[in-house]
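A structural walkthrough
Residue-level listing of the chains:
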Amino acid sequence: MLEIRGLSKSFGGVKATDNVSLDFADGSLTAVIGPNGAGKSTFFNLITGALKPDSGQILLDGVDMAGRTPPDIVRHGIGRAFQVASIFPSLTVHETMLAAVCADQRRAGVLHRRFPLAETRDRAEHAMELLGLASKRDRTAATLSHGDQKLLDIALALVLEPKVLLLDEPTAGMGTEERWRMIDKVHELWQKQKITVVFIEHDMDIVFKIAPEIVVLCYGRILATGTPDAIRRDPAVIEAYLGTEHQAEAAL
Ligand SMILES: Nc1ncnc2c1ncn2[C@@H]1O[C@H](COP(=O)(O)OP(=O)(O)OP(=O)(O)O)[C@@H](O)[C@H]1O
């Protein structure tokens, strides 16, 4: 269980995260939404250790992650998809996956070997299968479509076997068709892996369709939390974010 308690972070006079407390149950799927500048990315950056909170706790199964380094937080089970495909463009999908598992095992104290262990290969294969990348294993990252590069980023996060997976706008920069393909994959991996998934998304069609739980941030604070139905009828959310009730209905 991921429990956020009184989390705050300011930049100068801007309260980007303002006393946020939230629970993410094991195996839940939650969308974080809110207007531009609401503090969505800052919230993720605090949880993953990219930013240190001014105050508050980030409890993963009761252990406080606040202020720890990103590698330490990953080791404890909070994973995040980074844009790795664009960092190693000349590695194939398969090589990229193996490199990630080997690096993880070295961190965990497993001796480096010239050839990957069976367990290493299995983890890489499983993640490629889950994200639909197995048939593209010999393609270099640079030759993949934008959508497949993003799926590779998620596969790399998955290979480290996180309890909680954070996805910051997984559909950013995609056309409608590619966006739905991506979000269907995210939904599928959530159902199959039974991990806790939290994602930031601007597309309300996607949010209302696939997220059983929604958190709305505004000016760094929680404006509302609840099911899609409760959120789209919440007067404060309609006023601050969704527009008129009619527009909110249309977003379903
Ligand atoms: N490193 C930083 N230095 C100064 N101010 C920052 C920094 N990061 C974020 N902010 C400010 O904190 C507030 C929240 O920003 P954040 O990027 O978290 O919002 P967001 O909801 O992710 O926005 P968007 O939807 O546009 O990505 C904004 O006012 C932003 O200008």
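Our structure's up above, just so we're on the same page.
One structure accompanies this document, and this report is about it. Keep in mind that what you see is a predicted model, and the values were worked out from it rather than measured.

Calculation notes
Numbers given to residues run from 1 along each chain, matching the order in which its sequence is written. Local features in this predicted model are restricted to residues of pLDDT 70 or higher, and side-chain atom pairs are both shown and tallied only at a pLDDT of 80 or more, whereas totals for entire chains, interfaces and linings draw on every residue. In computing side-chain properties, one takes all heavy atoms of the structure into account and sets aside hydrogens as well as water. Only runs of H or I of at least four residues qualify as helices and only runs of E of at least two qualify as strands under DSSP, and these elements are numbered from the N terminus. Only protein chains enter the calculation, and the probe is 1.4 Å; a residue is then buried if its accessible area is under 20% of its type maximum, exposed if over 50%, and partly exposed in between. When checking whether two residues touch, look at their non-hydrogen atoms; a contact exists if any pair is within 4.5 Å. Computed with a 1.4 Å probe, the accessible areas rest on the Shrake-Rupley method; for each residue, only the protein chains presented here act as cover. Strand pairing requires that DSSP identify at least two bridges connecting the strands. A pairing counts as a salt bridge when a side-chain nitrogen of Lys or Arg comes within 4 Å of a carboxyl oxygen of Asp or Glu. Whether a residue is near a molecule or strand depends on its heavy atoms: if one lies within 4 Å, it is near. For this analysis, a polar contact is any N or O atom pair within 3.5 Å, provided that within protein one partner can donate a hydrogen and the other can accept it, and provided that sequence-adjacent residues contribute only side-chain to side-chain pairs. When residue character is reported, Ala, Val, Leu, Ile, Met, Phe, Trp, Tyr, Cys and Pro are called nonpolar, Asp, Glu, Lys and Arg charged, and the others, Gly included, polar. Angles run from 0 to 180 degrees between N-to-C directions of axes, and those axes are lines fitted to C-alpha atoms, restricted for helices to the stretch in contact.

Structural notes on the overall build of the protein
- Helix and strand counts for the protein come out as 10 helices and 10 strands.
- Taking all 252 residues of the protein together, 48% fall into the buried category.
- Contacts in the protein between residues far apart in sequence, at least 24 positions, make up 64% of those at least 6 positions apart.
- When the accessible surface of the protein is summed, it comes to about 11800 Å², and 53% of that surface belongs to carbon and sulfur atoms.

Here we look at the pairing of strand β2 (residues 14-24)
- The pairing of strand β1 (residues 2-11) with β2 spans 7 bridges and is antiparallel. Counterpart to S10 in the pairing with β2 is K15.
- In textbook terms, the turn of a hairpin is the stretch between consecutive antiparallel strands, and for β1 and β2 this stretch comprises 2 residues, one of which, G12, has a positive phi near 60 degrees.

Some thoughts on the pattern of salt bridges
- Across all of its chains, the model carries 17 salt bridges by this definition.
- With a closest N to O distance of 3.1 Å, D61 and K163 form a salt bridge. Remark: K163 occurs in the loop between α5 (146-159) and β7 (164-168) and D61 occurs in the loop between β4 (55-60) and β5 (63-64); sequence separation between them is 102 residues.
- Between R123 and E161 there is a salt bridge; the shortest N-O distance is 3.9 Å. Remark: E161 occurs in the loop between α5 and β7 and R123 occurs in helix α4 (residues 118-130); sequence separation between them is 38 residues.
- Judged by its relative accessible area of 12%, R123 falls in the buried class.

Topic: the site of the ligand
- Around the ligand lies a shell formed by F11, V14, A16, P35, N36, G37, A38, G39, K40, S41, T42 and H202.
- In this structure, an oxygen atom belonging to the ligand sits 3.3 Å away from a side-chain N or O atom of N36.
- Interatomic distance of 2.8 Å between a side-chain N/O atom of K40 and an oxygen atom of the ligand.
- If the ligand stood free it would expose 630 Å²; the protein chains cover 58% of that surface.
- A breakdown of the residues in the shell around the ligand according to their chemical character gives 5 nonpolar, 6 polar and 1 charged.

Looking at the sheet that holds strand β10 (residues 221-226)
- With mixed pairing, the 6 strands of this open sheet are ordered in space as β6-β7-β8-β3-β9-β10. Every other strand in the sheet has two partners, leaving β6 (78-80) and β10 as the edge strands with one partner each. Each strand axis lies, on average, 20 degrees off the axis of its neighbour in the sheet, ignoring direction.
- Inspection of the sheet shows strand β3 (residues 29-33) paired to strand β8 (residues 196-200) by 4 bridges, in the parallel sense. Bridge assignment links A31 to a residue of β8, and that residue is F199.
- Seen against the sheet, helix α1 (residues 40-48) touches β3, β6, β7, β8 and β9 (213-218) and runs at an angle of roughly 145 degrees to β7.

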